[in-house]
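# Reading the structure
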Amino acid sequence: MNTYDLIMKKRNGGILDKDEITYIVDGFTKGEIPDYQMAAFLMAVYFRGMNDEETTNLTMAMADSGDRLDLSLINGRKVDKHSTGGVGDKTSLIVGPILASLGVPVAKMSGRGLGHTGGTIDKLEGIPGFLTSISEEAFIKQVNDVGLAIVGQTANLAPADKKIYALRDVTATVDNISLIAASIMSKKLAAGADAIVLDVKTGTGAFMKTLEDSKKLADAMCRIGNMAGRETVAVITDMNEPLGNCVGNTLEVIEAVECLKGNGEARLMEVCRELAANMLVVSGKADSKDKAYPMIDDTINSGKAFDKMKEFVAAQGGDVSYLDNTDLFEKTKYEKIITGKDIIKANDIDVNEAYLNECDNQEIGMASLLLGGGRRTKDEIIDLSVGIRLFKHLGDRIEKDEAVAILYANDENKMSEAFNRFIKAYKVTKDKAAGNPVIYKSV
Ligand code: URA
C-alpha cells in the first residue's frame, strides 16, 4: 500500500476499505505521511465524499489512534453531550449541572473555541482558579462524588483528529459531513460515555448552513455512535443568530448562572431543556421527554441545579464567590452601545423602526473574535472578559434610539472593527419578520 495510490483512488471517486483508511490515519498520526499528502487526501475526500462504511472506518481509526478513556469506575450510566459548534452556545454549562443535580453522571471532555465558534473550556477558564486539566483519577473521583466534571481533552485522546483538524482548518476542508462526523465521533467514542446526545447546529453561524446538510450530519453521527454500541441521539437546533443574550467567555458564564437561577433567555432555555430531556431519557432516569421536562424545571426552580454548578466549580478549584456575585468578574475598559439607528443606517433604509429579519451569525462570531474573545489560530491568547450582550433577537422590532446590543472591549481599535462587522451582520425589514424556531428536529 502507498499513500500516492490511495490519494489517486479517492481523487478518482474510488471507495477505500478499512485497511486503506487505517493506513492513512496511522501513517499521518505517526508522522510517516507528510502534511502535503494528507492535505491532498483530505481535499479528495472533500470533493468525492465518503460512504457510510468509509466514514465509520475513518472514525474508528481516529478513535483508536490514542487512549480510550475507561469510565467503568464511574457508577451509573454515563451520558455525554456535544455541540457541533456555534455562537453564544453555553449549553454545556447549564445542562451539565441540571443532569448532575438529577443524579445522572456527566463526565465531559470539552474543546476550546476556534474561529467564530466558542469553546466550553475557555469559558470555564474565565472563573478564577478553575482547573481544566486534572488527572484521570481525579476526574473519575469527581464524577462519582459530585456527578459532574468538565475537562479539556487530553493530548492523547484521538490524536489523529487533533492533527487532521489542524490541517483541515488551513486547507478549507472543515465543512465536509464525513470529516466532521468522524472528527466529533472519534473523540466521543474515545471519551467513553455510554450514551451521547448531539446538538447539531444549523444556520449561518454553524458549520452546516442548511437543514438538509445538518440532518445528514446528525444521521451520520447517530449511525456511527449506535453502531459502536453507544446510544446516540441528535437534536438539530438553530444557529441563525447567537444562542441566548451573550457572546464571549465570562459573559457566557454569567448568562449560564442566570439560566440556572431560573432567569434564562427563552430560546437558550428551550435548547437546554431539549438537550437535558434527551439526556435524561438515554440515561434511563426518565421514561420519556414529557416526564423529563418537569424534572428539569423542578431542579432549576428549587435551586438544586445552581447549587450543583457551584459544587462542580469548587471541586475543580474555581472561586464560587464569582458565581454568587457575578459583578466580581473583571469588567472591560470600553463599552459601546449599538442602537437601532446604527443597524437601520447600515441597511440603508429610511425608517424610524424596523424588524430584525436575518443575521449572518458567523459575522457576529467574528465580531466577538475581533474584540479579542476568540482565536484565529489555535495558539492565540484570548481575552476572556470581552464580548457582546444582545437585547434583541430575530423577529424583534428595533427603534432608532433603542439599544440592540453592547460591545465590550479592552482595545478601542478592536471595538471599531467589531462595531462595523456587527452592524452589517443584520438585515432589517419594514414589515414584521417571523424569526426562526430554535429546535428543528430530533434524530
Ligand atoms: N467540531 C469538531 O470537533 N470537529 C469538526 O470537524 C467540526 C466541529
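Now for a look at the structure at hand. (Residues numbered from 1 in each chain as written. Predicted model: local features only at pLDDT ≥ 70, side-chain atom pairs only at ≥ 80, totals over all residues. Heavy atoms only, no water.)

## Focus: the site of the ligand
Taken together, the residues surrounding the ligand are Thr 84, Tyr 165, Arg 168, Ile 180, Ser 183, Ile 184, Lys 187 and Phe 207. In the environment of the ligand, a nitrogen atom lies 2.7 Å from a nitrogen or oxygen atom belonging to the side chain of Ser 183. Between an oxygen atom of the ligand and a side-chain N or O atom of Lys 187, the distance comes to 2.4 Å. Within the complex, the protein chains bury 90% of what would otherwise be the 240 Å² of accessible surface of the ligand. At the level of elements, α8 (159-170) and α9 (177-190) are the ones that each hand at least two residues to the shell around the ligand. It is α9 that contributes the most residues to the shell around the ligand, 4 residues altogether. Along the lines of polarity and charge, the residues of the shell around the ligand split into 4 nonpolar, 2 polar and 2 charged. (Near = heavy atom within 4 Å. Polar contact = N/O pair within 3.5 Å; in protein donor to acceptor, adjacent residues only side chain to side chain. Areas by Shrake-Rupley, 256 points an atom, 1.4 Å probe, with all protein chains shown as cover. Helix = DSSP H or I, 4+ residues; strand = E, 2+ residues; numbered from the N terminus. Nonpolar A, V, L, I, M, F, W, Y, C, P; charged D, E, K, R; others polar.)

## Some words on helix α13 (residues 289-301)
Think of an α-helix as 3.6 residues a turn; residues three or four steps apart then line up on the same face. Along its 13 residues, α13 runs 18 Å from first to last C-alpha, staying within 8% of the 18 Å computed at 1.5 Å per residue. Buried within α13 we find Ala 292, Tyr 293, Ile 296, Thr 299 and Ile 300. Projected down its long axis, α13 carries its buried residues within an arc of 140°, all on one side. Exposed positions of α13 whose direction lies more than 90 degrees from the buried face are Asp 290 and Asn 301. Its buried side turned inward, α13 meets α5 (91-101), α11 (249-260), α12 (266-283) and α14 (304-315). One or two steps after α13, the chain reaches Gly 303, where phi turns positive at roughly 90°. (Expected span 1.5 Å × (residues − 1). Buried < 20%, exposed > 50% of the residue type's maximum accessible area, 1.4 Å probe, protein only. Arc of directions from axis to C-beta. Contact = heavy atoms within 4.5 Å.)

## Notes on the packing of helix α2 (residues 18-29) against α8
Relative orientation of the contacting elements α2 and α8 amounts to 85°, with a least axis distance of 9 Å. Regarding the angle of α2 to α8, the classification is roughly perpendicular. Counting all contacts with α2, which are made through Val 25, Phe 28 and Thr 29, the residues of α8 involved are Pro 159, Ala 160, Lys 163, Ile 164 and Leu 167. A class-by-class count of the residues in the contact of α2 with α8 yields 6 nonpolar, 1 polar and 1 charged. (Axes fitted to C-alpha atoms, helices over the stretch in contact; angles between N-to-C directions. Parallel < 35°, antiparallel > 145°, perpendicular 65-115°, else oblique.)

## Observations regarding the packing of α5 against α12
As a packed pair, α5 and α12 sit with axes 10 Å apart at the nearest point and diverge in direction by 45°. As far as their axial angle goes, α12 and α5 are oblique. Remark: the crossing between α5 and α12 carries right-handed chirality. Side by side, α5 and α12 meet where Thr 91, Ile 94, Val 95, Ile 98 and Leu 99 of the first sit next to Leu 268, Val 271, Cys 272, Leu 275, Ala 276, Met 279 and Leu 280 of the second. (Left-handed = near helix turned anticlockwise from the far one by under 90°.)

## Concerning the pattern of salt bridges
Enumeration according to the criterion identifies 31 salt bridges in this entry. Across the pair Arg 68 and Asp 64 runs a salt bridge whose closest N-O atoms are separated by 2.9 Å. Its relative accessible area of 36% is what places Arg 68 among the partly exposed residues. Asp 122 serves as the salt-bridge partner of Arg 112, at 2.8 Å between the closest nitrogen and oxygen. Here the residue Arg 112 occupies a position in the loop between β2 (106-110) and α6 (120-125), and Asp 122 occupies one in helix α6, the gap between them amounting to 10 residues. In this structure Arg 112 comes out as partly exposed when scored by relative accessible area, which is 42%. Asp 122 gets classed as buried once you look at its relative accessible area, which sits at 2%. Within this structure, Arg 112, Asp 122, Glu 125 and Arg 375 form a network of salt bridges that share partners. (Salt bridge = Lys/Arg side-chain N within 4 Å of Asp/Glu carboxyl O.)

## Some thoughts on the side chain of Ser 101
Mapping Ser 101 onto the fold places it in helix α5. The contacts of Ser 101, once residues within four sequence positions are left out, are Thr 299, Lys 304, Ala 305 and Lys 308.

## Quick look at the pairing of strand β8 (residues 353-359)
As paired elements, β8 and strand β10 (residues 397-399) share 3 bridges and run antiparallel to each other. In the sheet register, Glu 353 faces β10, and the bridge partner there is Glu 399. Here 4 bridges tie β8 to strand β12 (residues 426-429), and the two strands are oriented antiparallel to one another. Across the sheet, Glu 358 pairs through a bridge with Lys 427, a residue of β12. (Pairing = 2+ DSSP bridges.)

## Let's talk about the sheet that holds β8
Strand order across the open sheet formed by 3 strands is β10-β8-β12, with antiparallel pairing between neighbours. Two strands bound the open sheet, and with one partner strand each, they are β10 and β12. Going across the sheet, the axis of each strand differs from the next one's by a mean of 50°, ignoring polarity. Most of the contacts of helix α18 (residues 412-425) go to β12, to which it runs at about 40°, and overall it touches β8 and β12.

## Description of α2
Helix length check: α2, at 12 residues, gives a terminal C-alpha distance of 16 Å against a target of 16 Å (1.5 Å per residue), a fit within 8%. Among all positions in α2, only Glu 20, Ile 21, Ile 24, Val 25, Gly 27 and Phe 28 are buried. Two or three places before Asp 19, at the start of α2, stands the capping residue Asp 17, its side-chain oxygen 3.1 Å from that residue's backbone nitrogen. Two residues or fewer after α2 comes Gly 31, characterised by a positive phi angle close to 85°.

## Some details on the packing of aromatic side chains
The full count for this structure, using the stated rule, is 4 aromatic pairs. Geometrically, the ring pair formed by Phe 422 and Tyr 426 is tilted, given 5.4 Å between the ring centres and 50° between the ring planes. Across the pair, Tyr 426 and Phe 422 agree in class, each one buried. Just above the ring of Phe 28 sits the side chain of Lys 163; from NZ or CZ to the centre is 4.6 Å. Its end group placed over the ring of Phe 419, Lys 336 keeps NZ or CZ at 4.8 Å from the ring centre. (Phe/Tyr/Trp six-rings, centres within 6.5 Å; stacked < 30°, edge-to-face > 60°. Lys NZ or Arg CZ within 6 Å of the ring centre and 35° of its normal.)

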